[in-house]
Amino acid sequence: MTKKKINIVAFIPARANFKGIKNKNIINFLGLPLIAYSIKISNTIKEINSVFISTDSKKIQKISKKYNALSPFLRPAKISGDKSSDLEAFKHFYNFYKKKYKKKIDLIIHLR
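Residues numbered from 1 in each chain as written. Predicted model: local features only at pLDDT ≥ 70, side-chain atom pairs only at ≥ 80, totals over all residues. Heavy atoms only, no water.

Applying the stated rule across the entire model yields 2 salt bridges. Lys-46 is the salt-bridge partner of Glu-47, the closest N and O atoms lying 3.9 Å from each other. With a relative accessible area of 43%, Glu-47 lands in the partly exposed category. Here Asp-106 makes a salt bridge to Lys-104, at a shortest N to O gap of 3.2 Å. (Salt bridge = Lys/Arg side-chain N within 4 Å of Asp/Glu carboxyl O. Buried < 20%, exposed > 50% of the residue type's maximum accessible area, 1.4 Å probe, protein only.)

Below, the structure is given as structure tokens:
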């Protein structure tokens, strides 16, 4: 009997205009953009099948791809504001994923 592989996806929300620290996700910290740390750690966990970045920034999208994360869309402005929740970003990502990849996600790991 073959064991079914569980589809585990890492999800990293990364808005550009975070009200606390402007552009915090791309600030250089010890030689790397801050978002690179979450991506690099995710990529070392063998159980994670893919790492997705949900962002409203082309700059964050470009950096994410450089560190081997997927960022196949820009998050709509209506769910990228200060009052937007991570749940809205999760729903947007999940619906995109189901439509594009036509497969089920068994577990989403939320990283900041």
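Attention now goes to the nonpolar core. Formed by 16 residues in total, the largest nonpolar core has its most connected members in Ile-12, Ile-35, Ile-39, Val-51, Ile-53, Ile-60 and Tyr-67. Contributions of two or more residues to this core are made by strand E1 (8-14), helix H1 (34-44), strand E4 (50-55) and helix H2 (58-66). Ranked by residue count, the leading element in this core is E1, at 4 residues. Membership of the second largest hydrophobic core comes to 8 residues, among which are Phe-11, Phe-52, Ala-89 and Tyr-97. (Core = buried A, V, L, I, M, F, W, Y, C linked by side-chain atoms within 4.5 Å. Helix = DSSP H or I, 4+ residues; strand = E, 2+ residues; numbered from the N terminus.)

The topology assignment puts Ser-54 in strand E4. In this view, Ser-54 contacts Phe-11, Ile-12, Pro-13, Ala-14, Phe-73, Arg-75 and Ala-89; residues no more than four positions away in its chain are not counted. (Contact = heavy atoms within 4.5 Å.)

Note that all results are geometric; they support no functional claim without further evidence.
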